[in-house]
Amino acid sequence: MTARIRTLVVSSDPDRRERWARDLADVDPDPLRCGGPRVSCALLSGGDCALLREADLALYDRDDYLPELARRISAGVRCAAVIVAEDGPARSLIHGRLAPRGGTFGCFGEIPGNPIP
């Protein structure tokens, strides 16, 4: 039996947030959801985020991954992995290779049991 990975989907766009949550159903049938820092954010207020603390993987909408939020997360918020993504035709480099359209812009940490080489 595969261990369940607890996921968190963060986007101020409710349609995108729900679509991404549905896309993660094979990994987590009931992902946590957050409206993002433009709505309300304990991290940006200097506090702790219970949702991030509970998640093994956080999928952030690039539009909502604000610089101050990125600094707070990289400063030690407990979350195994953070992925920043966007919809659309964007392309980026990952480990020197072009990411697929709509690909990942950043990934930090590792998922338990699946260390990053």
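Refer to the structure presented above.
Parameters and conventions
- Per chain, residue numbering runs from 1 following the sequence as it is written.
- The predicted origin of the model limits local features to residues at a pLDDT of at least 70 and limits the giving and counting of side-chain atom pairs to 80 or more, whereas totals for whole chains, interfaces and linings rest on all residues.
- As a rule here, side-chain values come from all non-hydrogen atoms in the structure, and water together with hydrogens is ignored.
- The helix count covers DSSP runs of H or I at least four residues long, the strand count covers runs of E at least two residues long, and both are numbered beginning at the N terminus.
- Here's how the labels work: a residue is buried when its accessible area is under 20% of the maximum for its type, exposed when over 50%, partly exposed in between, all with a 1.4 Å probe on protein chains only.
- Whether two residues are in contact is decided by their heavy atoms, any of which lying within 4.5 Å being enough.
- For two strands to count as paired, DSSP must find a minimum of two bridges between them.
- By the criterion used throughout, a crossover qualifies as right-handed when its path from the first strand across the helix to the second strand runs clockwise, the strands pointing away from the viewer.
- Here the arc refers to the set of directions running from the helix axis out to each C-beta atom.
- N or O atoms within 3.5 Å of each other form a polar contact, as long as, within protein, one can give a hydrogen and the other can take it, and as long as residues adjacent in sequence are counted only when both atoms are side-chain atoms.

## So, the overall build of the chain
Helix and strand counts for the chain stand at three helices and seven strands. Secondary structure of the chain in N-to-C order comes out as β-α-β-α-β-α-β-β-β-β. By the burial criterion, 40% of the 117 residues in the chain qualify as buried. When contacts within the chain are restricted to residue pairs at least 6 apart in sequence, those whose partners lie at least 24 apart make up 56%.

## Remarks on the pairing of strand S1 (residues 7–10)
Residues Thr-7 and Val-9 point to one face of S1 and Leu-8 and Val-10 to the other, with burial holding for every one of them. Where S1 meets strand S3 (residues 57–61), four bridges bridge the pair, whose relative direction is parallel. The residue bridging Thr-7 from the neighbouring strand is Leu-57, located in S3. In terms of handedness, the path from S1 via helix H1 (residues 14–23) over to strand S2 (residues 32–34) forms a crossover that is right-handed.

## Concerning H1
Arg-16, Arg-17, Trp-20 and Ala-21 are the residues of H1 that are buried. Angular distribution of buried residues about the axis of H1 spans 135 degrees; they occupy a single face of the element. Residues of H1 that are exposed and angled more than 90 degrees away from the buried face: Asp-15 and Arg-22. Buried residues along H1 sit against S1, S2, S3 and strand S4 (81–85). Between the side-chain oxygen of the N-cap and the backbone nitrogen of Asp-15 there are 2.9 Å, and the N-cap of H1 in question is Asp-13.

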